[in-house]
Each structure stands twice: as C-alpha cells, then as structure tokens.
Amino acid sequence: MLLDTTAYFLYSHTQEIGSTLLNKLREWLKRVAGFEATRMGFGAAAPKAKGPTMGLLVTMPSLDKKAIEAALEAGAEALVVPAGLSGDTEALRSAIQESPPCLWGLQIQGGQAPDPEQGFDFFLLSPSSALSALKGEEQGRLLEVDPSWDDVQLRVLEQLPVDGLVFSLPIKGDEGLAVQHLLAVRRLSSLLRKPLVLELGRPLSAQDLELLRDGGLTGLLVSTSQARWPSTLKELKQAIEALPPRSRPKREMDAVLPMVPGRQALRAEEEEEEDEN
C-alpha cells in the first residue's frame, strides 16, 4: 500500500512539473482564473498566491525595446507579436532573450507554420491558420473565435487542442458596455469550458470588468492600434487590481465530458414517467 501511495505521489508530482514546463500559457491562465494545481505531498499546504484575477495581454506594435518596456511597465503579463513582425528572426530572438520575464506569443495567420524553436510560449491562431499549427505540446495556443457562431460551432471548439479562446465584442465608438455584451460573454461561458479572452482597445471601469469576469471572462488582449495604448493598458491594469476576489470558480480548466444536446430534456421526460408510475 505504501509503495502504491509513493508511486502515485511521484507520478502526480512529475505530471505537475511537466505541465508547468511544457505549457506556460495554460498554467498562467489557470492561475489568474483561480485554478492553481494542488501540490501533492505530506507537508502543510502552501497558501495560494494572491494576485490579479484577470490576465492582461497586449499586441505589440513593434519589437522596439522602448515599446516592450512600456508594455511591461503598464502591466502586461503576455506580449503577442503580430504576424507582420514575425519575419525578422534575429529581432524576435533578441527581444525575447533580453526582455524581463513574461510570456511571449506569436500570431499565426494563413498557411504560416509556427516554428517551435523561436522561443515563443504560445501561438495566437485564427480559423484560417494551417491545421499543422495545432500540433505539438510545448507551446500553448489561443484561438480567435466569433461569438456570433451558433451553438454547435461553439461546442465543437471544446474538442480542439487549444488553451483559450479570443473574441471581440461589437462596441461602437465611445459607447459603454451594454447588457447584450454581458449576455454574449455569458453565452460563451455557458457553452464552453475553455478560458475566454476579450480583445479590446479601450479602457473599462472596474465595475464593468467585475461583471465580465464573473460572467466567465479570464483575460484581456489589448490592441495597440491606437496611439494611447500604453495609457489604456495601464488603466485596465489598475481596474483589474481593484477587483474584489472571485467569489468562486466559474469553470473547470481540465477535461470535461462533452455536452450532449437534449440529454437534460430526455432525463426530465424519464423522471416524469417515473412519477406517473
């Protein structure tokens, strides 16, 4: 019995270490969502590290050292390199090696094949990305999706080997968030178990962020298309830090059984028949 317990402990500990080393993106998403893995062992449980309850990513406008420093100083934890900047291999390698500790991601478009040797921690894929971009285990993956897809299309996403989903909301001009935007987030959260990342280029209040987070949102991807993106990033970071703790986890991050349409209705009918008998 002791040998079985020891073997299980060693296996679980090895799996935990391997997961951390192989997929930094997944571990980071679990941490900001409040799903840090429980450590195995006989010692006292380590206290949960306190930190932001939403992740903050940013699409880099360039690989310039000043731009990288501005993004990190403003609060970004993950930097995404657009596909248009991926051609300069030396600049990429230099930026990754010389930057302070953070996550580095690369946007993959069209038939572009990701190179696992470039040093990126994850890839940002689109529906038009090459199928080969889904292969491999070391780098994490985010996938851009359209929240207007029907339920069947969205549920199928659970079967893809991606760690999170990126989407945007139709916000016009300087208009604030409306109930329909929260409903869109909650719809995605109810249909999917994967972490959800909202792409936007404007600051949001702590109140709006709290509603979105409690609706199922895990992180924000800030666009740098506007000149004041460092200020937007900083304001969002301050709003995230002002959020109260999560009341309780809203979704599991590990494998779950696929949802079968109609199963609940069938179960209800069976219960009704039992009551009649």
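Conventions we followed
- Residues numbered from 1 in each chain as written.
- Predicted model: local features only at pLDDT ≥ 70, side-chain atom pairs only at ≥ 80, totals over all residues.
- Heavy atoms only, no water.
- Helix = DSSP H or I, 4+ residues; strand = E, 2+ residues; numbered from the N terminus.
- Buried < 20%, exposed > 50% of the residue type's maximum accessible area, 1.4 Å probe, protein only.
- Contact = heavy atoms within 4.5 Å.
- Axes fitted to C-alpha atoms, helices over the stretch in contact; angles between N-to-C directions.
- Parallel < 35°, antiparallel > 145°, perpendicular 65-115°, else oblique.
- Left-handed = near helix turned anticlockwise from the far one by under 90°.
- Nonpolar A, V, L, I, M, F, W, Y, C, P; charged D, E, K, R; others polar.
- Expected span 1.5 Å × (residues − 1).

Helix and strand counts for the protein stand at nine helices and eight strands. By residue count, 39% of the 277 residues in the protein fall in the buried class. Of all intrachain contacts in the protein linking residues separated by at least 6 positions in sequence, the fraction that spans at least 24 positions is 59%.

The next subject is the packing of helix α3 (residues 65-74) against helix α8 (residues 229-241). Relative orientation of the contacting elements α3 and α8 amounts to 20 degrees, with a least axis distance of 8 Å. What the angle tells us is that α3 and α8 run roughly parallel. Of the two possible hands of crossing, α3 and α8 adopt the one that is right-handed. Across the interface between the two elements, Ala-67, Ala-70, Ala-71 and Ala-74 of α3 pack against Trp-229, Pro-230, Leu-233, Lys-234 and Lys-237 of α8. Class assignment of the residues belonging to the contact of α3 with α8 gives a composition of seven nonpolar, no polar and two charged.

Here we come to helix α6 (residues 179-191). The terminal C-alpha atoms of α6, which comprises 13 residues, lie 18 Å apart, in line with the 18 Å expected from a rise of 1.5 Å per residue. Residues His-181, Val-185, Leu-188, Ser-189 and Leu-191 constitute the buried set of α6. On its buried side, α6 packs onto α5 (151-156), β6 (164-167), β7 (196-200), α7 (206-214) and β8 (217-222).

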